[in-house]
Every structure is written in C-alpha cells, then in structure tokens.
Amino acid sequence: MSTDEFEDRLRALRPRLHRYCARMTGSAVNGEDVLQDALVKALHARAQGAEVDNLEGWLFRIAHNASLDFLRDRSRKTVVALTEDMEAAPIPEADIVAISFQTFLRLPELQRCAVILKDVLGHSVEEIGGIAECSPAAAKSALQRGRAALRQLAQEPEDLRLPLISDPDRRKITAYVDLFRSGDFDAIRAMLADDVKLDLVNRLRLEGRDKIGIYFTRYAEETRWRFALGAIEGQPAMLVFDSTGPMDRPAHFVLVGWSENRIIEIRDFLFASYVLEAVDWVRLG
C-alpha cells in the first residue's frame, strides 16, 4: 500500500475511530485528542516499516491503547457491579447512539470496548479480542456483561444541570462570539497572543498570529454561518449554525483557550463534523 493510499484509508476510517475513542474516553472532544495521538503513532509506526495485514484492526488496537493511556492518566475508571443473569441481547443502534458518553464511561474498560466495537461499529467477537488483546471468550463475556450493565444504566435519570461557567470565562467567550457576529475580525486579531495556535481539526495546524490571519478572512467571506454562545461538554464554546440548513443544532463549534485576556489557542471543528454525533451541547445565548 502506497503512502497516499495509507493516508486515504486513515481519512476514511477517522469517523469510526472517533466514535470509538469518544465513547471510551467519555468525551467527544477528548476522543478527538486521543484519536489524533493514535494517528500520529500509526503514522510513526508506518514510517518505521511496520507491516500491517489488517489495517482497520491495527488502527483500532492503537486507538484502544491510546484511550486506555488517557483514562489511566486521568484516573477516570469506575467499576460497575454486575450480575450473571441479566439480559444481554444486542442493543439497537438507534438506542445505543442516544446513550450519553458519560454513561459509557461508567462501564469497566473491557466491557466498554466490547459493546462499542460490537454494537456501535459492528466488529466480531474475534476482532474485539484482537483489538483488546484478550481471548474471544473474554471478549464475549465482557460484551454480555457490558450490554446488561448499559441497559440498566441507561434507565437511570441523567443529571442535566447547565454547565457552570465562571463570569470571566463567560465574558471572554461572549465577547468573542459578538465580534464574530459583527464581523469585527480586526478586533479579534488584536486579542491574539504572538504564539497563538490554530487547530482546524482534521485539516491543518498553524502557530503564530501572523500565520492565522487567513482563518478569519475565510470566515469574513462566508455569509451562511450564524454564531451563538454555548457550551460543549461543559466548556465555553462558540456554536456555529448553517443558515442554509436546519438550525436546530450546530453545524460545528469552536473552542477558545485564553491566557488572561489573550487568545492562545483556537480549536475549530469545521472539518470534523463527526465529533457532533452525540456531543453534549447547550446554547446559552
């Protein structure tokens, strides 16, 4: 497989890999971070001459291990007590997509892995064993237990409190959104730190205020976007709606990092629409 073919396959598999990482980490945004780390590792292994017979299985194994590394670093694992005699039928896709990422996070790691790979992504028990590096019997047992636990957890009421955003953070993101609405991109440029980083997720990365000016120029030229204050997984965010289509949910979103009153990072998910599949978002203004 040529380098171009390999990178084309990576791009094609990226949404499926993100679905896995997002549910494993309990966050669509963190899932994208883990996915980027996994893809860097895959590209590095490829450059070092790694031989791959089953590309998809190999990539999922890398994504699985990257997810576990992330979870262990964050110490976010919660063990769920289970019984042996609970119903373990497959969970319909429409039902499983509606289950929140935080509910998935309450499953032990192997059970979470098995349910996501089988009921969300359609892998076989044997493939699950290869990705999780366990026996097919262990994968099947984890799948049955995970299905049963997930059905039980999904019936529990969820906490739907609005995100707690500090007044300074709210003022900063409100000002940012207002400037986008008015098209005053020169004012935004004046807020940029000299070493500001732009991550146009799944497309490109730039660093330095002089290099990212075209980013705002492109937004100034596009008239279909509408901007609103919101939160993504509890983080302050600018929600971006497409006025040419349904306005009931954002088309993408932008996260902004600050150091005092300077913008030090912009993460724009324009080219990563797959992240919005089941992300927790709320419009605040």
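Every chain is numbered independently, its residues counted from 1 as its sequence is written. Local features are withheld for residues below a pLDDT of 70 in this predicted model, meaning they are given only at 70 or higher, and side-chain atom pairs are given and counted only at 80 or more; totals for whole chains, interfaces and linings count all residues. Hydrogens and water molecules were not included; the side-chain quantities draw on all heavy atoms of the structure.

**Q** Which residues make up the overall build of the protein chain, and what values do they have?
**A** In this description a helix means any DSSP run of H or I spanning at least four residues, a strand means any run of E spanning at least two, and both kinds are numbered starting from the N terminus. Across its full length, the protein chain carries 11 helices and 7 strands. To sort residues, take the accessible area from a 1.4 Å probe on protein chains only and compare it with the maximum for the residue type: under 20% means buried, over 50% means exposed, and anything in between is partly exposed. Within the span of the protein chain, comprising 285 residues, buried residues form 46% of the whole. Counting contacts in the protein chain only where the partners sit at least 6 residues apart, residues at least 24 apart contribute 68% of the total. Here the accessible surface of atoms and residues is derived via Shrake-Rupley with a 1.4 Å probe, and residues count as covered only by protein chains that are part of the display. Within the structure as shown, the protein chain displays about 14,500 Å² of accessible surface, and the carbon and sulfur contribution to it stands at 48%. By definition, residues are in contact when any of their heavy atoms lie within 4.5 Å.

**Q** I'd love a proper account of unusual backbone geometry, names of residues and values included.
**A** Within the chain, N202 stands out as a residue other than glycine whose phi angle is a positive 75°. Even without being a glycine, E233 presents a positive backbone phi close to 50°.

**Q** Report on the pairing of strand β4 (residues 235-242), specifying residues and quantitative values.
**A** Most of β4 is tucked away: 6 of the 8 residues are buried. At least two bridges found by DSSP between two strands are what make those strands a pair. When strand β3 (residues 225-232) meets β4, the two strands line up antiparallel, connected through 8 bridges. Across the sheet, A231 pairs through a bridge with P236, a residue of β4. Across 3 bridges, β4 lies against strand β5 (residues 252-259) in antiparallel orientation. What sits directly across from L239, in β5, is F253.

**Q** Any chance you could break down the sheet that holds strand β2 (residues 204-207) for me, citing the residues and the numbers?
**A** Taken in spatial order, the 7 strands of this open sheet run β2-β1-β6-β5-β4-β3-β7, and their pairing is mixed. With partners counted over all chains shown, the strands left at the sheet margins are β2 and β7 (281-283), one partner each. In this sheet, neighbouring strand axes are inclined to one another by 25° on average, regardless of whether the strands run parallel or antiparallel. Of the strand pairs in this sheet, strand β1 (residues 192-200) and strand β6 (residues 262-268) are connected by 5 bridges, and their pairing is parallel. Looking at β6, one finds that D199 is bridged to R267. Axis definition: a line fitted to C-alpha atoms, over the contacting stretch in the case of helices. Angles run 0 to 180 degrees between N-to-C directions. The sheet contacts of helix α2 (residues 28-47) involve β1, β2, β3, β4, β5 and β6, and relative to β6 the element is tilted by about 80°. Packed on one face of the sheet, helix α11 (residues 213-221) meets β1, β3, β5 and β6 and runs near 60° to β6.

**Q** Outline the state of the cysteines, listing residues and values.
**A** Sulfur atoms of two cysteines make up a disulfide when they are within 2.5 Å. Across all of its chains, the model carries 0 disulfides by this definition. Take C134: it sits in no disulfide, and the sulfur closest to it among the cysteines is that of C113, at 7.1 Å. We classify C134 as partly exposed; its relative accessible area is 21%.

**Q** Tell me about the packing of aromatic side chains, and please be specific about residues and values.
**A** Two rings belonging to Phe, Tyr or Trp (six-membered ring only in the last case) form a pair when the distance between their centres is within 6.5 Å. Interplanar angles under 30 degrees mark stacking, angles over 60 mark edge-to-face geometry, and anything in between is tilted. In total, this model carries 13 aromatic pairs according to the counting rule given. With a centroid separation of 6.0 Å and an interplanar angle of 65°, the aromatic rings of Y219 and F227 are classed as edge-to-face. F227 sits in the buried class, given a relative accessible area of 11%. Geometrically, the ring pair formed by F241 and W281 is edge-to-face, given 6.5 Å between the ring centres and 70° between the ring planes. With a gap of 40 residues between them, F241 in strand β4 and W281 in strand β7 connect regions that are remote in the sequence. According to the relative accessible area criterion, F241 is buried, its value standing at 2%.

**Q** How would you explain the pattern of salt bridges if you had to name every residue and give the values?
**A** Salt bridge criterion: a side-chain nitrogen from Lys or Arg within 4 Å of a carboxyl oxygen from Asp or Glu. Under the counting rule described, the total for this entry stands at 17 salt bridges. One salt bridge connects R147 with D119, and the closest N-O pair in it is separated by 2.8 Å. Of this pair, R147 sits in helix α8 (residues 136-154) while D119 sits in helix α6 (residues 109-120), and the two are 28 residues apart along the sequence. The exposure class assigned to R147 is buried, which follows from its relative accessible area of 8%.

**Q** Outline the packing of helix α1 (residues 3-25) against helix α3 (residues 55-74), listing residues and values.
**A** At their nearest, the axes of α1 and α3 sit 10 Å apart, and the two run at 40° to each other. Crossing handedness for the pair α1 and α3: right-handed. For the pair α1 and α3, the contacting residues are F6, R9, L10, L13, R16, L17, Y20, C21, M24 and T25 in the first and L55, E56, W58, L59, F60, A63, H64, S67, L68, F70 and L71 in the second. Residues that form the contact of α1 with α3 fall into these classes: 15 nonpolar, 3 polar and 3 charged. Each helix crossing is assigned a hand: it is left-handed if the near helix lies turned anticlockwise from the far helix by less than a right angle, otherwise right-handed if that turn is clockwise. In this classification, Asp, Glu, Lys and Arg are treated as charged, Ala, Val, Leu, Ile, Met, Phe, Trp, Tyr, Cys and Pro as nonpolar, and every other residue, Gly included, as polar.

**Q** So what's going on with the nonpolar core? Which residues, and what values?
**A** The term nonpolar core refers to a set of buried residues drawn from Ala, Val, Leu, Ile, Met, Phe, Trp, Tyr and Cys, joined through side-chain atoms within 4.5 Å. Grouped together as the largest cluster of nonpolar side chains are 62 residues, with contacts concentrated most on L17, Y20, L59, L117, I232 and F253. No other element matches α3, which puts 10 residues into this core. Core analysis: the next-biggest nonpolar cluster, separate from the first, contains 25 residues, F180, F227, M238 and I266 among them.

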